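# Topology and contacts: notes
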Amino acid sequence: MLSRIILRNPVATRSLMTVARPTASTLLHSRRTLTPFLNSGLQIRKYSEHADEETFEEFTTRFEKEFDEAYDLFEVQRVLNNCFSYDLVPAPAVLEKALRAARRVNDLPTAIRVFEALKYKVENEDQYKAYLEELNGVREELGVPLKEELFPNAPSGPGLN
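Residues numbered from 1 in each chain as written. Predicted model: local features only at pLDDT ≥ 70, side-chain atom pairs only at ≥ 80, totals over all residues. Heavy atoms only, no water.

### Focus on unusual backbone geometry
The test is simple: Counting from the N terminus, the helices are DSSP H or I runs at least four residues long and the strands are E runs at least two residues long.
Of note in the backbone geometry, Asn-106 takes a positive phi value of approximately 60 degrees without being a glycine. The topology assignment puts Asn-106 in the loop between helix H7 (92–104) and helix H8 (108–121).

### Some thoughts on the environment of Ala-101
Basically, it comes down to this: Note on contacts: a residue pair qualifies if any of its non-hydrogen atoms lie within 4.5 Å across the two residues.
With respect to the secondary-structure elements, Ala-101 resides in helix H7. In sequence terms Ala-101 and Ala-111 are 10 residues apart; their C-alpha atoms lie 8.5 Å from each other. Ignoring anything within four residues of it in the chain, the contact list for Ala-101 reads Phe-67 and Val-76.

### Examining the packing of H7 against H8
Formally: Only the stretch in contact is used when fitting a helix axis, every axis being a line fitted to C-alpha atoms; angles between N-to-C directions are given from 0 to 180 degrees. To sort the angles, those under 35 degrees are grouped as roughly parallel, those over 145 as roughly antiparallel, those from 65 to 115 as roughly perpendicular, and the leftovers as oblique. By convention, the crossing between two helices is left-handed when the near helix turns anticlockwise from the far helix through less than a right angle, and right-handed when the turn is clockwise. Classification convention: Asp, Glu, Lys, Arg as charged; Ala, Val, Leu, Ile, Met, Phe, Trp, Tyr, Cys, Pro as nonpolar; all other residues, Gly among them, as polar.
Two numbers describe how H7 lies on H8: the axes approach to 7 Å, and their chain directions differ by 160 degrees. When the interaxial angle is binned, H7 and H8 end up roughly antiparallel. Two packed elements cross with a definite hand, and for H7 against H8 that hand is right-handed. For the pair formed by H7 and H8, the contact residues are Leu-95, Ala-98, Leu-99, Ala-102 and Arg-103 on the first element and Leu-108, Thr-110, Ala-111, Val-114, Phe-115 and Leu-118 on the second. Tallied by class, residues from the contact of H7 with H8 come to 9 nonpolar, 1 polar and 1 charged.

### Details of the nonpolar core
For clarity, the threshold we go by: Residues enter a nonpolar core if they are buried and are Ala, Val, Leu, Ile, Met, Phe, Trp, Tyr or Cys, with the set joined through side-chain atoms within 4.5 Å. Partly exposed describes any residue whose relative accessible area lies between the buried limit of under 20% and the exposed limit of over 50%, with all areas from a 1.4 Å probe on protein chains only and scaled to the type maximum.
With 30 residues, the main nonpolar core has Phe-67, Leu-95, Leu-99, Phe-115, Leu-118 and Tyr-128 as its most contacted residues. For this core, the secondary structure elements donating two or more residues are helix H5 (56–69), helix H6 (73–84), H7, H8, helix H9 (125–134) and helix H10 (136–142). Setting aside its immediate chain neighbours within four residues, Leu-118 contacts Phe-84, Val-89, Leu-95, Tyr-128 and Tyr-131.

Below you can see the structure in the form of structure tokens.
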């Protein structure tokens, strides 16, 4: 019923027509107004541009620096999420910086979750044990227990065979 009233009203019909169908003159005018901006040397930012060119060493140094600069829990968790979102397992040096950052902001659960994320990220249990062996000194120094130590009867995750 409402559509019949709107379409029968000549003023409403005229305003609907101009919104629905732009004329050639409006298209030409919009192109003229955008051309100076397009030709001014402005570049379109590609957010994933650096990821294709970044080596593993650059990745490691970038995330070590980001964990050193993380000043609160939100930043530590944000950087940790970004670090584990890549299709690779972070180096032990990056994980050490993550553990130290988590303890610096006094958040033990985040430090424990670093090892949980590592457990899901590695391909097999041998790699996980190698990382644990590598990070054992830091883990003992900071007093970070593993989830397996806290809950020994808990089922293992889907990342391990």
